[in-house]
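Geometric and topological summary
Single-letter residue listing:
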Amino acid sequence: MATIFSPSALLTTATTVAAASSSSTSSPHLPIRSTTKLQLPNLTTTALTATALAAATIIATTIPPALSAESYATYYGTAASAANYGGYGGNSDKKTSAEYIYDIPQGWKERLVSKVEKGTNGTDSEFYNPKKRTEKEYLTFLGGLRQLAPKEAVLNNLALSDVNLQDLIAGADSVSSEETKDDKGQVYYVYEIDSPSAHSLISVTCARNKLYAHFVMAPAAEWKKDQETLKHIHESFKTVG
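These lines cover the structure that appears in this document, whether it is placed above or below. (Residues numbered from 1 in each chain as written. Predicted model: local features only at pLDDT ≥ 70, side-chain atom pairs only at ≥ 80, totals over all residues. Heavy atoms only, no water.)

A few points about the overall build of the protein
Rules: Helix numbering and strand numbering both begin at the N terminus, where a helix is a DSSP run of H or I of at least 4 residues and a strand a DSSP run of E of at least 2. Think of it in three bands: with a 1.4 Å probe and only protein chains considered, a residue is buried below 20% of the maximum accessible area for its type, exposed above 50%, and partly exposed in between. Using a 1.4 Å probe, the Shrake-Rupley method yields the accessible areas, and only the shown protein chains count as cover for residues.
For the protein, the helix and strand inventory stands at 7 helices and 10 strands. When each of the 241 residues of the protein is scored for burial, the buried share is 37%. For the protein, the accessible area works out to roughly 14,200 Å², and carbon and sulfur atoms hold 54% of it.

Shown next as C-alpha cells:
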C-alpha cells in the first residue's frame, strides 16, 4: 500500500393513527328496537366529540408507531496490518482495539477483505447493500503518516490506488472539498464527487500515525433515492482511541 501512495505528498501537512376523524357534527343513530321507554342521557355534540377524541387518544397510545428512521449498527475497525489479518492473533476484541468506527445500515452485508487486498491497497473493511450491490461503504488506511497534505494532493493520491475513484473523478460534473474539525480539534478532509454515473462521499483524516479514508459510493440513480442514509453513514465515520 505504501508503495502505491506518494508519502512525500501526504506528509507535507407501528403505524400512526389519525385521531379525531370519528368526530361528527350530529348525534349518532342508535338502532334500538324496544317497546320499553329508555331514559337516554342528554349528550351534546361537544360531549360526543370529546368522547371520540379521548377514545382515539387511547387507541393511538396503545399501537406502537412504525419506525421512522433506519436502524444502524456500529462497526469497530482495527486497521490491522496484513500481517495481522483477522485481528491481532485472531483473538482480539475489535471494540477494545478499534481505531475507527462507522455506522452500517440494517441489512447491509460485509464483504470479507483478503490479506492480499489489505496489503496492496490498504482496504481494511467494506459493507454493501445486498439489494444494490454497487451501493457500499469501505475504509482504506496507510501507515507512517502524521498529518494531512493539501486537500487536492490527498485526493489525487487516493485515486492512484483506486481505479474506480480515478474514473469517477475523470468523469465528474463537480468535485467539492472542505476541511472540518471534530470536538477534539482533529482535522478531516471531506470530498463530494458528483458524476452522471455515480456519487461519492469521502472523509479523510490522520491519527495514530496513519491516514484513514472512508468512502461511501452509490450509482447516481440510487443516490437520489438513498442519499439520507448514505449521508448518515458518511457522517458517522470517526477515529477513536
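Observations regarding the nonpolar core
What counts is decided by this rule: In this description, a nonpolar core means a group of buried Ala, Val, Leu, Ile, Met, Phe, Trp, Tyr and Cys residues linked to one another through side-chain atoms lying within 4.5 Å.
Within the largest apolar cluster, 22 residues are counted, with the highest numbers of intra-cluster contacts made by Leu158, Leu165, Ile202, Val204, Leu211 and Phe215. Elements with a minimum of two residues in this core: β5 (132-143), α5 (151-160), α6 (163-170), β7 (187-194), β8 (198-207) and β9 (210-219). Formed by 19 residues, the second largest nonpolar core is a distinct cluster that contains Ile104, Tyr212, Ala218 and Ile233.

A closer look at the sheet that holds β8
To keep things clear, this is the line we draw: Each pair of strands is called paired provided DSSP finds at least two bridges between the two strands. Any two residues whose heavy atoms approach within 4.5 Å at even a single point are treated as in contact. Where helices are involved, their axes are fitted lines through C-alpha atoms of the stretch in contact, as for all axes, and angles between N-to-C directions lie from 0 to 180°.
Reading across from one edge, β3-β4-β5-β9-β8-β7-β6 is the order of the 7 strands in this open sheet, with antiparallel pairing throughout. Here the strands that pair on one side only, and so sit at the sheet edges, are β3 (109-110) and β6 (174-181). Strands in contact with α5 are β6, β7, β8 and β9; relative to β7, the strand with the most contacts, it is inclined by about 60°.

Points about the packing of aromatic side chains
What counts, and what does not: Between rings of Phe, Tyr and Trp, where Trp is taken as its six-membered ring, a pair exists when centres lie within 6.5 Å; planes separated by under 30 degrees are stacked, by over 60 edge-to-face, and by other angles tilted.
The final tally for this structure, using the stated rule, is 10 aromatic pairs. Between Tyr100 and Tyr102, the aromatic rings sit 6.0 Å apart at their centres with planes inclined by 20°, giving stacked as the arrangement. Taking the relative accessible area as the measure of exposure, Tyr100 reaches 0% and is therefore buried. Given the relative accessible area of 0%, Tyr102 is considered buried.

Things to note about the pattern of salt bridges
To keep it simple, the criterion reads: The rule for a salt bridge is simple: a side-chain nitrogen of Lys or Arg has to be within 4 Å of a carboxyl oxygen of Asp or Glu.
Following the criterion strictly, the structure yields 6 salt bridges and no others. Across the salt bridge formed by Lys210 and Glu99, the nearest N and O atoms sit 3.1 Å from each other. With a gap of 111 residues between them, Lys210 in strand β9 and Glu99 in the loop between α3 (94-97) and β2 (100-105) connect regions that are remote in the sequence. By relative accessible area, Glu99 is classed as buried at 5%. Between Glu117 and Arg111 there is a salt bridge, and its shortest N-O distance comes to 2.8 Å.

A short note on the sheet that holds strand β10 (residues 238-239)
Judged by pairing direction, the sheet is antiparallel, and its 3 strands sit side by side in the order β1-β2-β10 without closing on themselves. For this open sheet the edge positions go to β1 (72-77) and β10, each flanked by a neighbour on one side alone. In this structure, β2 lies alongside β10, joined through 2 bridges in antiparallel fashion. Its bridge partner lying in β10, Tyr100 is registered against Thr239. Docked against the sheet, helix α7 (residues 220-236) engages β1, β2 and β10, running at close to 165° with respect to β2.

Here we look at the environment of Thr74
Structurally, Thr74 is set in strand β1. Placed 159 residues apart in sequence, Thr74 and Ile233 show a C-alpha to C-alpha distance of 9.8 Å. Once you skip the residues sitting within four places of it in the chain, Thr74 turns out to touch Ile101, Tyr102 and Asp103.

Examining the environment of Leu139
Residue placement: Leu139 occurs in strand β5. Judged by its relative accessible area of 0%, Leu139 is buried. The contact partners of Leu139, leaving out residues within four places of it in the chain, are Tyr100, Tyr102, Gly122, Thr123, Asp124, Ser125, Tyr212, Ala213, His214 and Phe237.

Focus: α7
The test is simple: Throughout, the bend at a residue refers to the angle made by two axes, fitted to the seven residues ending there and to the seven starting there.
A bend of about 85° at Asp226 is the largest found in α7. If you check which residues of α7 are buried, you get Ala220, Glu222, Trp223, Asp226, Thr229, Leu230, Ile233, His234 and Ser236.

A short note on the side chain of Asp103
This is how it is decided: Polar contacts here mean pairs of N or O atoms no more than 3.5 Å apart (in protein, one a potential hydrogen donor and the other a potential acceptor; neighbouring residues in sequence count only if both atoms are side-chain atoms).
Looking at the element boundaries, Asp103 is found in strand β2. There is a polar contact of 2.8 Å between the side chain of Asp103 and the side chain of His232. With residues up to four places along the chain from it excluded, the contact list for Asp103 reads Tyr72, Ala73, Thr74, Glu137, His232, Ile233 and Ser236.

Some remarks on unusual backbone geometry
If you check the backbone angles, Arg208 has positive phi at about 55° while not being a glycine. Its place among the elements puts Arg208 in the loop between β8 and β9. Residue class for Arg208 comes out partly exposed when judged on its relative accessible area of 45%. Even without glycine at this site, Asn209 takes up a positive phi of about 60°.

Spatial relationships are all this shows, so hold off on functional conclusions.
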